[in-house]
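# Structure at a glance
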Amino acid sequence: MLLLSLTTLFGSVASAGVQFPQHVPEDAEPVSVDAPYVNVYTGPGRGYPIFHALERGEIVWLLKQRTDWVKVTTRRGHTGWVRVADLADIFSPEGEPLRIDRVDFRDHRSQTLQLGFTYGDFAGADSMGVNLGYRFTANLSGELRATQAVGQFSDSQTYQVAVLHQPFPRWRVSPYFMLGTGINITSPNATIVATEDRQDTAMLTGFGLKTFIARRFALRAEVANHYLLTSRENNQEIIEWKLGFDVFM
Amino acid sequence: METGLRCIYVAALAVLLAAPVNAQEDDPLGGLVSPDLERREIREADIDTEDFELSTFGGVMNVEDFGSNPVYGGALAYHINEDLFMEVGYGQTELGESSFERLSGSAPLLTDEQREMQFYNLSLAWNLFPGEYFLFDRWALNSNLYLIGGVGNSSFADEDHFTYNFGVGARILPADWLSLRLDVRDHVFEHELFGELQTTHNLSAQVGLSVYF
């Protein structure tokens with residue numbers, strides 16, 4: 001038995017290409033784990049039962065990743081989920097160190113995509129919005145924003161491009177300043193006021209606070225001033241308050 | 001005088017500090033145990049992520065005063081971590097005849113086109129109770145129970161209605177990439193079709209099938 005396991009171990013290490021057992025898909029990456037042992041769970045979450053443990057140096061195949069969990073399979077066909085954090089020290093069969101990607105807001109060098117939902121008050125109307133942002137540097141991000149507001153007297157949609165500057169990205173609660181431009185489409189509720197839809201160019205300035213409550217999840221609060229350049233006699237100012245969250249993807 | 005003393009101190013200190021350095025150079029193991037300063041190239045493991053979940057659902061939705069009607073739609077979710085996911089959902093249903101229209105015998109309040117209701121929402125959900133469901137002796141299916149809530153828009157009768165939604169759902173995974181979902185939601189919005197503004201609670205119960213990718 002021991003002899004058999006030794007030969008399989010040496011066989012797998014000695015040959016440059018590891019032999020894939022039949023149940024392993026061809027595109028799965030084989031790795032050896034340099035940790036005393038690693039728990040294997042039946043599902044991708046801390047609540048699922050642990051049914052197996054990987055030994056030091058054991059070869060496993062990485063099948064897929066969901067959130068912070070990786071599905072692995074062993075030579076003997078034990079298939080389950082392990083934490084990405086437990087796979088910090090993994091090596092290819094050739095001894096090359098490998099890394100599994102984990103997005104982290106604390107890694108200020110990483111340029112990441114951020115997706116967020118917001119809920120707010122747009123001059124008395126309830127508003128909801130989606131933001132798609134890209135962080136160029138720790139301080140500077142760009143953002144595409146779409147909001148729909150539904151009010152008693154009028155509904156509006158806004159589409160904007162904005163630049164966000166975070167002067168202190170390392171602070172626990174980090175402030176940011178925003179400058180942007182876009183269009184506001186306002187449609188008065190026909191039953192009350194009989195006017196046409198208006199489309200105005202808007203200038204956007206804003207201030208907000210962001211705080212991370214998980215590795216990839218931030219809450220944000222924001223107040224923004226929409227300055228509408230209307231074709232009427234006076235330009236119009238709208239103050240918008242927003243609460244929402246951002247996710248690092 | 002004082003400067004001279006200081007010079008001696010400094011010289012003595014320099015000798016003392018230098019001593020360990022010399023000792024290290026003379027160390028017979030120096031050649032063997034040398035710090036490995038070679039830069040390590042770390043490659044990213046070739047692994048597929050499956051954080052998105054695309055689902056379709058069908059069920060029954062009750063719109064207050066307008067009866068219960070079939071509802072169907074779809075949703076796209078992104079799993080943030082094992083506890084949270086965010087979801088964009090879309091659905092449509094039809095409004096039936098209100099009791100006011102039936103009893104008064106007057107002309108219908110809404111045209112057929114106005115009775116079609118579309119809604120969409122942005123929600124955040126919390127996987128509260130992960131676990132397993134057991135089916136006979138043989139199968140243990142991964143599952144979780146989640147609480148979900150969000151904001152959105154419901155449009156019918158040529159009007160948009162800002163809608164809050166909250167509810168609870170159960171997810172059962174026959175395979176890692178496939179899940180069966182059961183959802184019960186309350187869609188809360190205000191409308192003034194009957195003359196005065198009223199807040200309505202509109203419940204939907206739906207069964208869905210989703211695929212992770």
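Residues numbered from 1 in each chain as written. Chains lettered and ligands numbered in written order. Predicted model: local features only at pLDDT ≥ 70, side-chain atom pairs only at ≥ 80, totals over all residues.

An unreviewed UniProt entry lists chain B under the name Outer membrane beta-barrel domain-containing protein, from Microbulbifer flavimaris.

Before going further, it helps to spend a moment on the environment of alanine 149 of chain A. Residues and elements named next belong to chain A. Tracing the sequence through the fold places alanine 149 in strand β11 (residues 140-150). Classification of alanine 149 as buried rests on a count of 26 C-beta atoms within 10 Å. Separated by 23 residues in the primary sequence, alanine 149 and aspartate 126 have C-alpha atoms spaced 5.4 Å apart. Other than its neighbours up to four places away in sequence, alanine 149 contacts Phe122, Ala125, Asp126, Ser127, Asp155 and Ser156. (Helix = DSSP H or I, 4+ residues; strand = E, 2+ residues; numbered from the N terminus. Buried ≥ 20, exposed ≤ 12 C-beta atoms within 10 Å, placed from the backbone. Contact = placed C-beta atoms within 7 Å.)

Let us now look at the sheet that holds strand β9 (residues 178-191) of chain B. All names here are of chain B. Spatially, eight strands are ordered β3-β4-β5-β6-β7-β8-β9-β10 in a closed barrel, and the strand pairing comes out antiparallel. Within this sheet the neighbouring strands show an average axis-to-axis angle of 25°, counted without direction. Pairing of strand β4 (residues 68-79) with strand β5 (residues 84-94), which is carried by eight bridges, proceeds in the antiparallel orientation. Bridge assignment links histidine 79 to a residue of β5, and that residue is phenylalanine 85. (Pairing = 2+ DSSP bridges. Axes fitted to C-alpha atoms, helices over the stretch in contact; angles between N-to-C directions.)

One frequently used descriptor of interface size is the decrease in accessible area upon assembly of the parts. The domain architecture assigned to chain A consists of domain 1 (19-98) and domain 2 (113-248). Its C-alpha centre places domain 1 of chain A at a distance of 43 Å from the equivalent point of domain 2 of chain A. (Domains from an automatic or database assignment.)

Glancing now at the nonpolar core. Val33, Val60, Leu62, Val70, Val72, Trp81 and Val82 of chain A are the most contacted members of the largest nonpolar core, which has 18 residues in total. Going through the elements one at a time, β1 (29-33), β2 (37-41), β4 (59-66), β5 (69-74) and β6 (79-83) of chain A are the ones with two or more residues in this core. The greatest single-element share of this core, amounting to four residues, is contributed by β4 of chain A. One finds Phe245 of chain A together with Met86, Leu122 and Val151 of chain B within the second-largest nonpolar core, a separate group that totals 15 residues. (Core = buried A, V, L, I, M, F, W, Y, C linked by C-beta atoms within 7 Å.)

Time to look at unusual backbone geometry. Residues and elements named next belong to chain B. One non-glycine residue with positive phi stands out, namely aspartate 65, at about 75°. Position of aspartate 65 among the secondary structure elements: in the loop between β3 (52-62) and β4. What makes aspartate 65 partly exposed here is the crowd of 19 C-beta atoms within 10 Å. Here phenylalanine 136, not a glycine, exhibits a phi torsion of approximately 55°, which is positive. Inspection of the secondary structure assignment puts phenylalanine 136 in the loop between β6 (116-135) and β7 (139-156).

This part takes up the environment of valine 211 of chain B. Its location among the elements puts valine 211 of chain B in strand β10 (residues 198-212). If sequence neighbours within four positions are ignored, valine 211 of chain B has contacts with Leu54, Trp177 and Leu178 of chain B.

When pLDDT is averaged along chain A, the result is 84, and 88% of the positions lie at 70 or above. Per-residue pLDDT stays below 50 along residues 1-16 of chain A; that stretch engages in six contacts with residues further than four places along the chain or on separate chains. (pLDDT = per-residue confidence, 0-100.)

All names here are of chain A. If you walk around this closed barrel you meet the eight strands as β9-β10-β11-β12-β13-β14-β15-β16, and the pairing is antiparallel. Geometrically, the sheet is characterised by an average inter-axis angle of 25° between neighbouring strands, direction not taken into account. Across 13 bridges, strand β14 (residues 198-214) lies against strand β15 (residues 217-229) in antiparallel orientation. Opposite leucine 209, over in β15, you have alanine 221 as the bridge partner.

With 38 residues of chain A in contact, the opposing surface of chain B contributes 30 residues. Secondary-structure elements contributing two or more residues to the side of chain A that touches chain B are β1, β4, β5, β8 (97-99), β9 (113-122), β10 (125-135), β11 and β16 (236-248) of chain A. The element contributing the most residues to the side of chain A that touches chain B is β4 of chain A, with four residues. Grouping the amino acids of the side of chain A that touches chain B by side-chain chemistry returns 19 nonpolar, seven polar and twelve charged. For β4 of chain A and strand β2 (residues 48-49) of chain B, the ladder comprises two bridges, and the chain directions are parallel. (Nonpolar A, V, L, I, M, F, W, Y, C, P; charged D, E, K, R; others polar.)

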